[in-house]
Amino acid sequence: MDKYKRALADTENLRQRSQKLVEEAKLFGIQSFCKDLLEVADILEKATESVPKEEIKDQNPHLKNLYEGLIMTETQMQKVFRKHGLVRINPVGAKFDPYEHEALFHTPMEGKEPGTVALVTKIGYKLHGRTLRPALVGVAKEAS
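Report on the accompanying structure. Please read these numbers as outputs of a predicted model, since none were measured by experiment.

On to the nonpolar core, then. Grouped together as the largest cluster of nonpolar side chains are 19 residues, with contacts concentrated most on L38, F81, L86, Y125, L127, L132 and V137. Of all elements in the fold, only α2 (31–50), α3 (61–83), β1 (86–89), β3 (117–122), β4 (124–127) and β6 (135–141) reach the threshold of two or more residues within this core. Here this core takes four residues from α2, the largest share from any one element. If we skip the residues at most four places from it in the chain, V137 touches P91, F96, H101, E102, A103, L104, F105, V117, L119, V120 and T121.

Attention now goes to a nonpolar patch on the surface. On the surface, a cluster of nonpolar side chains totalling about 390 Å² of accessible area is made up of M1, Y4 and L8. For L8, the location among the structural elements is in helix α1 (residues 2–28). By relative accessible area, which is 46% here, L8 ends up partly exposed.

Within a sheet, neighbouring strands are paired by backbone hydrogen bonds and run either parallel or antiparallel to one another. With mixed pairing, the three strands of this open sheet are ordered in space as β2-β6-β3. Of all strands in the sheet, those with a lone pairing partner are β2 (101–108) and β3, marking the two edges. If you compare each strand with its neighbour and ignore which way they point, the axes differ by 25 degrees on average. Where β2 and β6 come together, seven bridges link them in parallel fashion. Across the sheet, H101 pairs through a bridge with A135, a residue of β6.

Moving on: the packing of α2 against α3. Between α2 and α3, the least distance of the axes is 10 Å, while the angle of their chain directions is 150 degrees. In this view, α2 runs roughly antiparallel relative to α3, as classed from their interaxial angle. Seen along the crossing, α2 lies across α3 with a hand that is left-handed. Between α2 and α3, the contacting residues are L37, L38, V40, A41, L44, E45, A47 and T48 on the first element and Y67, L70, I71, T73, E74, M77, Q78 and F81 on the second. Considering only residue class, the contact of α2 with α3 consists of eleven nonpolar, three polar and two charged.

Rules behind the numbers
- In every chain, residue numbers begin from 1 and rise along the written sequence.
- Owing to the predicted nature of the model, reporting of local features is limited to residues with pLDDT of at least 70; listing and counting of side-chain atom pairs is limited to 80 or more, with chain, interface and lining totals taken over all residues.
- Values shown for side chains rest on all heavy atoms present in the structure; no hydrogens or waters enter the calculation.
- Here, the term nonpolar core denotes a set of buried Ala, Val, Leu, Ile, Met, Phe, Trp, Tyr and Cys residues that are joined through side-chain atoms within 4.5 Å.
- For every residue, the accessible area obtained with a 1.4 Å probe (protein chains only) is divided by the maximum for its type, and the residue is called buried under 20%, exposed over 50%, and partly exposed between those limits.
- Where helices and strands are cited, they refer to DSSP runs of H or I of at least four residues and of E of at least two residues respectively, numbered from the N terminus.
- A contact between two residues is defined here by any heavy atoms of the two lying within 4.5 Å.
- Patch membership requires over 30% relative accessible area and the absence of a salt bridge. Like charges are linked within 9 Å, and nonpolar side chains (Val, Leu, Ile, Met, Phe, Trp, Tyr) within 5 Å.
- The accessible surface values rely on the Shrake-Rupley method and a 1.4 Å probe; as for residues, cover is taken only from the protein chains in view.
- We define a salt bridge as a contact between a side-chain nitrogen of Lys or Arg and a carboxyl oxygen of Asp or Glu at a distance within 4 Å.
- A pair of strands is labelled paired if DSSP reports no fewer than 2 bridges between them.
- Structural elements are reduced to axes, namely lines fitted to C-alpha atoms, with helices fitted over the stretch in contact, and the angle between N-to-C directions of any two is expressed from 0 to 180 degrees.
- With respect to orientation, any angle under 35 degrees is reported as roughly parallel, any angle over 145 as roughly antiparallel, any angle of 65 to 115 as roughly perpendicular, and every other angle as oblique.
- Crossings are classed by handedness, with left-handed meaning an anticlockwise turn of the near helix from the far one by less than a right angle and right-handed meaning a clockwise turn.
- Charged means Asp, Glu, Lys or Arg here, nonpolar means Ala, Val, Leu, Ile, Met, Phe, Trp, Tyr, Cys or Pro, and polar covers whatever is left, Gly included.

In structure tokens form, the structure reads like this:
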């Protein structure tokens with residue numbers, strides 16, 4: 001009888017582990033695809049940032065339409081990211097977290113608490129709470 005109960009418990013544990021693995025595969029199966037799309041999102045963001053704001057006028061309709069199209073594409077891409085559990089990490093002013101941030105440099109900053117993120121050079125992303133790409137940051141240190 002004892003062997004029977006152990007066999008049942010082992011079977012139940014195996015079933016639960018298998019179910020958990022399947023659920024994780026469903027959630028994180030798109031991980032490499034998302035990583036590839038992050039580069040596209042970065043390029044799109046850089047493209048919109050590179051357009052001089054003073055050039056976006058009604059006198060320059062082609063540039064204005066192109067810029068608005070880029071903004072709409074970027075907005076739609078972020079909506080799709082959120083729909084599938086991919087969230088941006090923009091940690092300016094947050095406490096440095098080595099699980100979400102990658103420190104590129106430390107710099108003395110007036111008015112910033114040491115150990116906080118002073119500058120973000122590349123936005124990070126999380127997929128269903130798991131860091132997919134850490135944010136590349138500069139961290140404030142004590143001014144000497």
